[in-house]
Every structure is written in structure tokens, then in C-alpha cells.
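Geometric and topological summary
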Amino acid sequence: MKYGVLSHFSTKNLGDDIQTYAAVKLLPKVDYVLDRENLDSFCSENGEPVAVVMNSWWMWEKWNWPPADCIYPLMISMHINNYDHYHGASPIQNEWIEGIGGDYFRAYGPVGARDQTTMKYFAEHNIDSYFSGCLTLTLPKQKKTSDAGTYICVVDLKPELEEKVREWLADTGLEVRKITHKYDARNPDTPLEERLRKAEEVLTIYQNAKVVITERLHATLPCLAMEVPVISIVDLDSPDNYTRWAPYSDWVNYISEENFINHNFQYDFLNPPPNPTNYLTARESLIKRVQDFVAETTGEYSVEQLKKTTYTPEEAHNWQYELMHRTLDIWLYANRDLLRENKKLKKMLQKL
């Protein structure tokens, strides 16, 4: 059996590649790297089946669903975020999970959800799901380096938060290293090896830090997995944060921005306490599910032996054509509204 992992080929977020790295570490080999946004047009060599771990953030281009028949999926650690056209995403939110699109999820389910918001979304569409947690919780520890314990990482903190950290640690002798997950890897020809090398490089820096302080979910969860002391700066009252962070709020040491700036917390940066360990059950379950998936797919199979959907390729193409048609219609009217709004704003600016 051949194995594949997902990659977001046009990502500007290292967290996407860290999620890919987590999948790679659990598979016996990687024969294919699939573009998450174009799974419908994926073609394997001679049409052979490819077992794919489908952990990811889903998805900008929802009209490119369902995946090709040659993909045999393990739908785990999935996060559905229905950004609209204001965020540069597809304007459709539910259409892609209705009809044949929903049938795909039902056929290969239950779906492992990364958060309760995603579980609720699937439940609303009568699709069986469960809370799996994020696959980055399974990451292995990285190598120790000679500078271990001599620095603290601040990862994509707002300037005022970073300034506070530097102020508090000014006389401790600890170095403050500024790390970002923002990087431009939008060249679709960037080899997987290069992406994974960058992910491993950053993970190794985290592994050897005294403490990691971050607003990034995919810095926090890897640190949990690697047993690196980590503080998450997150306001769970914010809807954007709540949808992604809520499941992990009992698993991490987190502080609101306001409390952090006012130093309204107790945390010893010089002698950081260990992280909570109640994530370990989810970690073990994630590892076992991937191991079972590998055991299930060990051997030689044809696409017909593994396929669980009942619709024909022609039916899938017709459904997808209609989905694309509806997407263009919605986008057309949405863009017209945006243009009208922009014209109004321009007139107001001219008057001012």
C-alpha cells in the first residue's frame, strides 16, 4: 500500500507544515504529498490507492470536494472553519457538505474532529464525529542541543506582550528568542523535505527552550507533546479563539492578554512547572488510530476493494459542477455588494 500526507502548498503558516510533520512521523513511509485544496484532482501512479491521513484545517476552496476515488482517507484531527469571502475564502459554507460531499464523510467516518465546534458542525449535518484532538499532540521529542535551557522563546507575541517578557527577564541571564510561524512557502514546487526541515528546525528550538510563550495553537500543542514548559496567551472570550482553543483549555497553562500585561499570574520563568498531563489519553488514542489505519492498509489492494462510496464518477462530477456553479453565483453577488460598499466609502472619503 502507498501512503500520503496532506500539505497546504500555498501556506504562509508554519503550523500547517508542523501538522504535516506530525503525520509523517506516524506513517511507515510517505509515497505522495497531496495538495489539501485540490484532492479532487489528485492522480496516483496508474490509479493505485493511496492511504492518506487527513488531519488539517478545512478548507479554502470547498468546491474541490470530494477527494478522488484513489484516496483512502483517515479523517482525523479535522477542523472546519467557515471563513467567508471577507477572509478570502470560498463563500459557500454548507453546500460542500450536503449531497455527495456529505456522503463522502459518512462513508469514511466517523470523523475525528480537532474541536467541539467542528463536531457540532458535523452533527448539524448528520455526520458521525468524535473529538480526536490535534495530531501535533503525538509529536516525538527532538534532539537536545548544547544551549538547552539557556533561552526562552516568544512565538508571534504582540509587541506589547514581548516587551513585558523582555522587561521581566532583563536580569535573569536568559536569552529571549523571537520566533515566528509566519513564513512564505507559497511556491507549490517547494519539496516536502524542505518544508519538514524547517518545521523540525523550529520544533528543535522549542524542545530546548526553558519556556515557550506563545499565542499560537500549533506552538502550544507541540510543546505539550514534547514536554516543553509552555504558556499560552489567549483570550477564550473571543469567538475566534474559542472555536480552536476551548478543547485544550484544561490541558495548558494559559493567561489572558490583560492578566499577562498586568503580571496578574503566578509562573516562575526560572523554574517553570511541568505542563498538565491530561492530554496524554488523547495522544495515545491518536497514535493508536493511525497505527490501526496502517495495519488495516498493510498489503496490496485495489481502489475497488477500498472504496466505500456508492456514487459513480459521473455523479460526482455532475454534483461538483453544480457546486462550482453555485459558488460562482454566490461570489458574483457578494463581490457586487463589496463593490457597492467600496464606491460608497470612496464618495465619503472624497467629501471628507
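Definitions and limits used
The written sequence of each chain sets the order in which its residues are numbered from 1. Given that this is a predicted model, residues contribute local features only at a pLDDT of at least 70 and side-chain atom pairs are listed and counted only at 80 or more, while totals for whole chains, interfaces and linings are drawn from all residues. Excluding hydrogens and water, the side-chain figures rest on all heavy atoms present in the structure. Every helix listed is a DSSP run of H or I at least four residues long, and every strand listed is a run of E at least two residues long, numbered separately from the N terminus. In this setup the radius of gyration rests on C-alpha atoms only. A globule is expected at 2.2 Å times the number of residues raised to 0.38. Three exposure classes are used, based on accessible area relative to the maximum for each residue type with a 1.4 Å probe and protein chains only: buried under 20%, partly exposed in between, and exposed over 50%. Paired strands are those between which DSSP finds at least two bridges. Throughout, an axis means a line fitted to C-alpha atoms (over the contacting stretch in the case of helices), and angles, computed between N-to-C directions, take values from 0 to 180 degrees. Residue contacts are counted whenever heavy atoms from the two residues lie within 4.5 Å of one another. When two rings of Phe, Tyr or Trp (its six-membered ring) have centres within 6.5 Å they constitute a pair, described as stacked for plane angles under 30 degrees, edge-to-face for angles over 60, and tilted for the intermediate range. Either the NZ atom of lysine or the CZ atom of arginine qualifies as a charge over a ring when it sits within 6 Å of the ring centre and within 35 degrees of the ring normal. As used here, the term nonpolar core means buried Ala, Val, Leu, Ile, Met, Phe, Trp, Tyr and Cys residues forming a set that is joined through side-chain atoms within 4.5 Å. The rule for a salt bridge is simple: a side-chain nitrogen of Lys or Arg has to be within 4 Å of a carboxyl oxygen of Asp or Glu.

Another point: the overall build of the protein chain. The helix and strand tally for the protein chain stands at eleven helices and 13 strands. On C-alpha atoms alone, the protein chain measures out to a radius of gyration of 22 Å, which is about the 20 Å that the 2.2 N^0.38 rule sets for 352 residues. Principal-axis analysis of the C-alpha atoms places the extent of the protein chain at approximately 70 × 70 × 35 Å. Taking all 352 residues of the protein chain together, the buried fraction comes to 51%.

On to the pairing of strand β3 (residues 50-53), then. Alternating residues of β3 divide into V50 and V52 and A51 and V53, and every residue in both groups is buried. In this structure, strand β1 (residues 2-7) lies alongside β3, joined through four bridges in parallel fashion. Paired with G4 across the bridge in β3 is V52. Inspection of the sheet shows β3 paired to strand β5 (residues 71-74) by four bridges, in the parallel sense. By the bridge assignment for β5, V50 is matched with I71.

Bringing the sheet that holds strand β12 (residues 230-233) into the picture now. If you trace the five strands from one edge of the open sheet to the other, you get β10-β9-β11-β12-β13, paired in parallel fashion. A single partner strand is all that each edge strand has here, and the edge strands are β10 (175-179) and β13 (253-255). The average undirected angle you get between the axes of adjacent strands in this sheet is 20°. By the bridge criterion, three bridges tie β12 to β13 in an arrangement that is parallel. Residue pairing in the sheet places I233 in a bridge with I255 of β13. Each of β9 (151-155), β10, β11 (211-214) and β12 is contacted by helix α4 (residues 159-168), which is oriented at about 160° to β10, the strand it contacts most.

Before going further, it helps to examine the packing of aromatic side chains. Tallied over the full model, the rule gives 21 aromatic pairs. Seen in terms of ring centroids, W58 and W65 are 5.7 Å apart; in terms of plane orientation they differ by 80°. Their pairing is edge-to-face. For the pair shown, W58 and W65 are each scored as buried. Every member of this aromatic cluster is reached through a ring pair, and the members are W58, W65, Y72, W96, Y104, F105, Y108, Y121, F122 and F293. The side chain of K62 reaches across the aromatic face of W96, ending 5.7 Å from its centre. Its guanidinium or amino end placed over the ring of Y151, R177 lies 3.7 Å from that ring's centre, counting from NZ or CZ.

So, about the sheet that holds β3. Each strand in a sheet pairs with another by means of backbone hydrogen bonds, the pair being arranged parallel or else antiparallel. Judged by pairing direction, the sheet is parallel, and its four strands sit side by side in the order β2-β1-β3-β5 without closing on themselves. Each edge of the sheet is formed by a strand with only one pairing partner; in this case those strands are β2 (32-35) and β5. Across the sheet, the axes of successive neighbouring strands diverge by a mean angle of 35°, strand direction being ignored. Where helix α9 (residues 280-297) meets the sheet, its contacts fall on β1, β3 and β5, and the angle it forms with β5 comes to roughly 150°.

This brings us to the nonpolar core. Within the largest apolar cluster, 91 residues are counted, with the highest numbers of intra-cluster contacts made by W58, W96, F105, C153, Y206 and V212. Every residue in contact with W96, bar those within four places of it in the chain, is listed here: W58, M59, K62, W65, I80, N82, G101, G102, F105, Y121, W319 and L323. Counting residues in hydrophobic clusters, the runner-up holds 18 residues, among them L157, V211, F265 and Y267.

What follows is about the pattern of salt bridges. Pairs can form between side chains of opposite charge whenever their charged atoms are close. Within the structure shown, the criterion is met by 14 salt bridges. Measuring nitrogen to oxygen at the nearest pair gives 2.8 Å for the salt bridge that ties R216 to D156. Taken together, the positions of R216 in the loop between β11 and α6 (217-226) and D156 in the loop between β9 and α4 put the pair 60 residues apart, joining distant regions of the chain. D156 carries the same exposure label as R216, and that label is buried. Here the salt bridges do not stand alone but share partners, grouping D147, E175 and R177 into one network.

Without other data, these values stay purely geometric and don't point to any function.
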